[in-house]
Amino acid sequence: YIPERRAIIGEYIINKISKFIGLEALESTFGRLYINGNYNGLYYISNGFNKDFLKMNNLPESNIYHTDSHKTLTKNFSIDDISIDMFISDIKDYENNFERDINYFINILKRDKSYLANNWKKHFDQDNLISILSMQLLSGTQHYDLHNIFFYINPVNGKIYFFPWDFMNYIN
């Protein structure tokens, strides 16, 4: 990514703060690009949400999912509007788990408030959820409509983990 196009310094800072508070976040840095000896700008470099990311963060291998940003941007977002076609699978080796995982995720999100108030620890990793909500509060992000959400369902404990992404437009 070219920093001036997306205010990437914010994404870099979010990743560093996220890691500091214990969240699994992308490794990132900046690099100068030279082609045939000619300077072509400063670029933001990061790893991706893939098998290497899981391994680097000591998480068991499974799929990572994210929401399709074109299908989640609605003016009158409602939890009732969430559907399986709003999600994308990032690690194709686990594509056969897509429907099961996404239906589980949607089912949890659509549970009534009293159930979630009493049972959220059964479905979400407690430290991860508290940390991701802290990062959202700190950065001022407004991804409460599921826009650009990256998450993972741990195959060992069945808990949902969220990964910070696209917070940079709010911290700058």
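Described below are features of the structure shown in this document. Small disclaimer: the values here were computed from a predicted structure and weren't measured. (Residues numbered from 1 in each chain as written. Predicted model: local features only at pLDDT ≥ 70, side-chain atom pairs only at ≥ 80, totals over all residues. Heavy atoms only, no water.)

### So, the packing of aromatic side chains
Here's step 1: Under the defined criterion, the tally for this structure stands at 19 aromatic pairs.
Here's step 2: Geometrically, the ring pair formed by Phe-105 and Phe-151 is stacked, given 3.9 Å between the ring centres and 10° between the ring planes. Remark: Phe-151 occurs in strand β5 (residues 150–153) and Phe-105 occurs in helix α5 (residues 98–109); sequence separation between them is 46 residues. Here the two residues Phe-105 and Phe-151 agree in accessibility, since each one is buried.
Here's step 3: Note on Tyr-152 and Phe-163: the rings are 6.1 Å apart at their centroids and 35° apart in plane angle, and the pair reads as tilted. (Phe/Tyr/Trp six-rings, centres within 6.5 Å; stacked < 30°, edge-to-face > 60°. Helix = DSSP H or I, 4+ residues; strand = E, 2+ residues; numbered from the N terminus. Buried < 20%, exposed > 50% of the residue type's maximum accessible area, 1.4 Å probe, protein only.)

### Some remarks on the layout of surface pockets
Take a probe with the size of a water molecule and roll it over the atoms, and the empty space left behind shows itself.
Here's step 1: Considering only enclosed or pocket space, the largest pocket measures out at about 450 Å³ in volume.
Here's step 2: Along its surface, the largest pocket is lined by 21 residues, and Leu-109, Leu-129, Leu-133, Leu-146 and Phe-162 are the ones closest to its centre.
Here's step 3: Broken down by element, the residue count for the lining of the largest pocket peaks at four residues, all from helix α7 (residues 126–139).
Here's step 4: Looking at the lining of the largest pocket, its residues break down into 18 nonpolar, three polar and no charged. (1 Å grid on protein atoms, 1.4 Å probe; cavity = no way out; pocket = protein on both sides within 12 Å on 5 of 7 lines; lining within 4 Å. Points joined across faces, edges and corners; volume = space filled by probe spheres on them. Nonpolar A, V, L, I, M, F, W, Y, C, P; charged D, E, K, R; others polar.)

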